[in-house]
Structures are given as structure tokens and as C-alpha cells.
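Single-letter residue listing:
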Amino acid sequence: MLSRLWELIWADWIWFPEGHGWADFTDHDGKVYPKPKDLWATIPIALAFLVIRQIFERKVAIPLAYLLGVKEELRVFASPNPILESYFCRRSKHPTQIVMETLSKQTGRSVRQVQRWFRRRRNQDRPSKVKKFREASWRFTFYLFAFFAGLAVLIDKPWFYEMKMMWEGFPKMSLLPSQYWYYMMELGFYVSLLFSVASDIKRKDFKEQIVHHVATITLIGFSWLVNYIRAGTLIMLVHDASDYLMESAKMFNYAGWKRTCNCIFTIFAAVFIITRLVILPFWIVHTTWVYPLTVYRPFFGFYFFNGLLFVLILLHMFWAALILRMVVKFLPGNILSFFFCRFVGETWFLKCCILPNYDILKMS
């Protein structure tokens, strides 16, 4: 029963165009093809990333933080109180006014004192600026390295310039050593982010980040299994192109270098929109969604792969809205303010862009 179900799930007609299948990935004549067992290598790579990260943060990130002037905020700790601590840990960190009054009677404190206690207790759990800087510097280092590694892998490939060539010879496209290591490095890193999710800083877009990580891991893993590797390398490069700019902007924000942060963040916003809302959907996804239909009949694997890409695009649209709201705050001369008020409408602009207090760089 289980063996039949397994065979049905991985049937050739589900994942490949007509006339092709898993047998096409048999190594021959010195040509190597991707195998499902290759993905197991990402587990030790992810564990290695976790170890390297700890060493990097202690030996590089912390000294760099103090060198750039990252300062810890002085915090007033909440006084020990078993009743309030129990409610804080088990019930809610933000009690209602009625609950405040009840806790006030139970503890013999005024309502204002109870409110102050909860405010101080919440501040105790906030991650320090040094911790935020450590995490941002680690991600900056990886994304910067991954971006230039991706460029090195793709710069001499014809499908980097003519994207339709990513389908030439599909699925019988042999695997290059550079593609193997690029894939294992990227997939291992995102797996390591899932391993460390419990200890990493939980930001306001935590749920969206988890969805993004899961979709990215699934997309990279699936593209490896069915040999969409040419498309996969292009997609990974597009994502890495802006991520290191975002993390560097965070680093300077934590260090208090506001002008430098604003400048880098503005560049990041431009690169993010160009790569993820222009190049990705109108060039890469067009080549994975529209062009294949002129060559092959549609199959389930085709829809599954592009469905994951559309999930990423929706997340990018969500983040782009937040990013633009941030850029509006510090562009000189209120250039974007004038644009939105002139062409979109002042009422809508004030309601959607000015009033909400979004701060991407301080998400925690």
C-alpha cells in the first residue's frame, strides 16, 4: 500500500513533461545529474553554519559592534513579584485595564505601579542592540558572500543573459560542481535559520519570515530534485542582491549612524523593488510560467514550482509596502510625499503611509 502510494506520488507524469522522467538523471559518460540523496548534505552544512555563526558573532561581530559605537540601553528591571510574574508568563504580557485593577488589589500596589511593572518587565525581554547587531552582521556576511558567489557561478552562463536557455535540454541538463556548491550553501543556510528560529530575534514580521523560509527551502529543494537548477540559481541570486544591503542598514542603525543607515536603506529599497518586483516576476517567472507552455504541455510539477514563486512574490509585495513607508520618512525634500499626494491622493497617502508607525529596521 505504502509502496504504491510512494510510486504514485513520484510518478514521472506528475513532475516531468511527457516523455521524460527520473530515469533521465542516471549518470553517464562523465555527466552527473542531481539526486535526492544529495540534499542530505544540507543537514551537516546547516549545523556547520550554526557553529561558524557562534564563532563569528563572538570573535568578529561583538568587537565590530563596539568599534562602530553600538551602545547598550540602560534598563530598569522590574522588582520581583510572584503574582505579577506568574500572570506575565502564563497569561499575557499586555493585561487589560480590568485585569490591572484586579492585580492591583492582589498585590497591594496602585494601578499605575502595576502598569509600570509590566512595562519594565516587557523591556527586560527585549533583545539588546548588541544582540541585534550580531545577528544582522552574520546575515550581512553570508548574503554578501552568497551574492558574489552566485555571480561567479552565473556570469559565464548563457542563461544568465538569455533566460529562455534555462530550458534548453530540460530535464537532461548535467550538474556543474559550481552549481552543486551554490545550492548546498544556500539551502544549508536557510535550514540553519530554521534551526535557530527559537533563539533568533522575533520581529513583527516573524510569521511572514517563517513562511518565506519554508517556501524558500521547499523551492530550492524541489528545483534540485527535478533539475530546475538553472532557474533556481537565478532566483537565489535575485534574492541575495538586496538582502546584504538590508542587513548592513540594520547594522548602522543599531550603531546610531542614521544618515549612513538612511542612505543604504534607500539604495536597498531601490534594489529590492527592481530585483524582486520587476526582474523576478517579469523576466524569471515569465520564463518559468509562460515560455515553457510553448515547448511542453503543462504538468503538475510546472504548477507546483510556479506556485511557490507566486508565494514569494506576494511576500515581496507585502515587504515592499513596508519598505516604501520607511523611505518616505527620510527622503530629502519629501519627494515621495509629493509624488503620492499628487498622483495617488492626499487622503489615502496620509492614511496608509504617514499615520502607521512602521519601522522596518527596528522590528523586534
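This structure is a prediction, so every number in the text was calculated from the model and none was measured.

Considerations on a nonpolar patch on the surface
A surface patch of nonpolar side chains, about 570 Å² in accessible area, is lined by Trp40, Ile43, Leu47, Leu194, Phe195 and Val214. Residue assignment for the nonpolar patch shows that the elements contributing at least two residues are helix H3 (42–68) and helix H8 (177–195). Along the chain, isoleucine 43 falls in helix H3.

Some thoughts on the side chain of aspartate 243
Inspection of the secondary structure puts aspartate 243 in helix H10 (residues 229–255). Accessibility expressed as a relative area gives 15% for aspartate 243, which makes it buried. Ignoring sequence-local partners within four residues, the contact set of aspartate 243 consists of Tyr143, Tyr190 and Arg276.

Here we look at the confidence of the model for the protein
It should be kept in mind that the predicted coordinates are not to be read in detail where pLDDT is low. On average, residues of the protein score 84 in pLDDT, and 88% of them are at 70 or above. Per-residue pLDDT stays below 50 along residues 333–364; that stretch engages in 52 contacts with residues further than four places along the chain or on separate chains.

A few points about the pattern of salt bridges
Per the counting criterion, the structure on display carries 10 salt bridges. Note that glutamate 18 is salt-bridged to arginine 297, the shortest N-O span being 3.8 Å. With glutamate 18 in the loop between helix H2 (12–15) and H3 and arginine 297 in the loop between helix H11 (258–289) and helix H12 (300–330), this residue pair connects regions lying 279 residues apart in the sequence. Across the pair glutamate 247 and lysine 250 runs a salt bridge, and its minimum N-O distance is 3.7 Å. Note that glutamate 247 and lysine 250 are positioned in helix H10 at a spacing of 3 residues, about one turn of the helix.

Some details on the nonpolar core
Residues Tyr228, Phe265 and Phe305 are the most contacted members of the largest nonpolar core, which totals 80 residues. Residue assignment for this core shows that the elements contributing at least two residues are H2, H3, helix H7 (129–154), H8, helix H9 (206–225), H10, H11 and H12. The contact partners of tyrosine 228, leaving out residues within four places of it in the chain, are Trp15, Trp167, Phe170, Tyr183, Phe222, Ser223, Phe299, Gly301, Phe302 and Phe305.

Let's talk about the packing of aromatic side chains
Tallied over the entire structure, the rule returns 46 aromatic pairs. The interplanar angle of 85° and the centroid separation of 5.9 Å between the aromatic rings of phenylalanine 49 and phenylalanine 189 together place this pair among those described as edge-to-face. Taken together, the positions of phenylalanine 49 in helix H3 and phenylalanine 189 in helix H8 put the pair 140 residues apart, joining distant regions of the chain. Judged by its relative accessible area of 14%, phenylalanine 49 falls in the buried class. Taking relative accessible area as the criterion, phenylalanine 189 reaches 0% and is therefore assigned buried. With centroids separated by 3.7 Å and ring planes inclined at 5°, the aromatic side chains of phenylalanine 142 and phenylalanine 189 adopt a geometry described as stacked. With phenylalanine 142 in helix H7 and phenylalanine 189 in helix H8, this pair connects stretches of sequence that are 47 residues apart.

Cut-offs and rules
Residues numbered from 1 in each chain as written. Predicted model: local features only at pLDDT ≥ 70, side-chain atom pairs only at ≥ 80, totals over all residues. Heavy atoms only, no water. Patch = residues over 30% accessible without salt bridge, like charges linked within 9 Å, V, L, I, M, F, W, Y side chains within 5 Å. Areas by Shrake-Rupley, 256 points an atom, 1.4 Å probe, with all protein chains shown as cover. Salt bridge = Lys/Arg side-chain N within 4 Å of Asp/Glu carboxyl O. Helix = DSSP H or I, 4+ residues; strand = E, 2+ residues; numbered from the N terminus. Buried < 20%, exposed > 50% of the residue type's maximum accessible area, 1.4 Å probe, protein only. Contact = heavy atoms within 4.5 Å. pLDDT = per-residue confidence, 0-100. Core = buried A, V, L, I, M, F, W, Y, C linked by side-chain atoms within 4.5 Å. Phe/Tyr/Trp six-rings, centres within 6.5 Å; stacked < 30°, edge-to-face > 60°.

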